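Secondary and tertiary structure notes
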Amino acid sequence: MSRSERLLALLQLLRGHRYAITGSELASQLGISLRTLYRDIATLQGQGAHIEGEPGIGYVLRPGFTLPPLMFSEEELDALVLGSRWVVAHGDGALSASASSALAKIEAVLPADYRQQLQSNALLIGTSRSDGLTDEAPLRSAIRRQRKVTLSYRDLKEDSSERTVWPFALGYFEQVRVLVAWCELRQGFRHFRVDRITRMQPEESRYPKSRESLLKAWRTTQQIPQPRFIADRN
């Protein structure tokens, strides 16, 4: 790889570790010598990267450093385009518009050759079937604000009920959207198809637990592994 690519790769490695990582480990992962690694770290420090550490102890990148203009591999660009096009095709109006806007912002800061690759991307998404799905924007807002929601819901047996829930996740499947929530009526986690919610009333009251703790507990009950986000430093 070129030196600029190597510097970016080094930054990504440092960003992916909360705690100090040794120089030998960094050099091994990058396939370079320790001497080259020390030179690269000095270069990044000179460019403003807040890298702390020293030989024999390890290095850590403190939060706050902004990466240089965006550079992606071909596979990364494919992933970005494919994901954004899926949301455009299958999301509701607000989410679809936001995906288009985000992709346009990424395109605007890409170098010319990368921008051409993005524009000519050949990964296509089929159109969404119109099922008259409920607009999910109010649900997403309630999830972000950690607010209770009162639902009128019609189940698969066509039985109707009204219940107050604590919404904390929204699952996007090919043809349906599923709200994941703690149901006060059933005193447990429940899943609600969004297209079967006939009325939704956001409440001003927050639910008593954090969204993160509810999501973690739900994953445990469903035996779903907790995700690991490489760049998560919090």
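A few points on the structure. No experiment lies behind these values; they were computed from the predicted model shown. (Residues numbered from 1 in each chain as written. Predicted model: local features only at pLDDT ≥ 70, side-chain atom pairs only at ≥ 80, totals over all residues. Heavy atoms only, no water.)

**Section: the overall build of the protein**
Broken down by element type, the protein carries 8 helices and 7 strands. Here the protein, with 234 residues, has 33% of them falling under the buried criterion. Taking as baseline every contact in the protein between residues at least 6 positions apart, the subset at least 24 positions apart corresponds to 59%. Element-wise, carbon and sulfur atoms account for 53% of the exposed surface of the protein, whose accessible area totals about 14,100 Å². (Helix = DSSP H or I, 4+ residues; strand = E, 2+ residues; numbered from the N terminus. Buried < 20%, exposed > 50% of the residue type's maximum accessible area, 1.4 Å probe, protein only. Contact = heavy atoms within 4.5 Å. Areas by Shrake-Rupley, 256 points an atom, 1.4 Å probe, with all protein chains shown as cover.)

**Some thoughts on the packing of helix α1 (residues 3-15) against helix α2 (residues 23-30)**
The geometry of α1 relative to α2 is characterised by a closest axis approach of 11 Å and an angle of 130 degrees between their N-to-C directions. For the element pair α1 / α2, the angle class is oblique. In terms of crossing hand, the pair formed by α1 and α2 is right-handed. Across from R6, A9, L10, L13 and L14 in α1, the residues of α2 making contact are L26, Q29 and L30. (Axes fitted to C-alpha atoms, helices over the stretch in contact; angles between N-to-C directions. Parallel < 35°, antiparallel > 145°, perpendicular 65-115°, else oblique. Left-handed = near helix turned anticlockwise from the far one by under 90°.)

**Let's talk about the packing of α1 against helix α3 (residues 34-46)**
The geometry of α1 relative to α3 is characterised by a closest axis approach of 10 Å and an angle of 80 degrees between their N-to-C directions. Overall, the two elements α1 and α3 adopt an arrangement that is roughly perpendicular. From α1, R3, R6, L7, L10 and L11 reach across to α3, where they touch T36, L37, R39, D40, I41, T43 and L44. Grouping the amino acids of the contact of α1 with α3 by side-chain chemistry returns 6 nonpolar, 2 polar and 4 charged. (Nonpolar A, V, L, I, M, F, W, Y, C, P; charged D, E, K, R; others polar.)

**Description of the packing of aromatic side chains**
Evaluation of the coordinates by the stated rule reveals 6 aromatic pairs. Measuring from centroid to centroid gives 6.0 Å for W166 and Y207, while their planes differ by 15 degrees, and the two rings are stacked. Of the two residues, W166 is situated in strand β4 (residues 160-172) and Y207 in the loop between β7 (197-206) and α8 (211-221); the sequence distance between them amounts to 41 residues. Under the relative-accessibility criterion, W166 is labelled buried at 9%. On the basis of relative accessible area, Y207 is assigned to the buried category, the value being 4%. (Phe/Tyr/Trp six-rings, centres within 6.5 Å; stacked < 30°, edge-to-face > 60°.)

**Thoughts on the sheet that holds strand β3 (residues 147-154)**
Taken in spatial order, the 5 strands of this open sheet run β6-β5-β4-β3-β7, and their pairing is antiparallel. Whereas interior strands pair on both sides, the edge strands pair on one side only; in this sheet they are β6 (188-193) and β7. Pairwise comparison of adjacent strand axes, ignoring direction, gives a mean angle of 45 degrees for this sheet. In the sheet, β4 pairs with strand β5 (residues 177-183) via 7 bridges, with the strands oriented antiparallel. (Pairing = 2+ DSSP bridges.)

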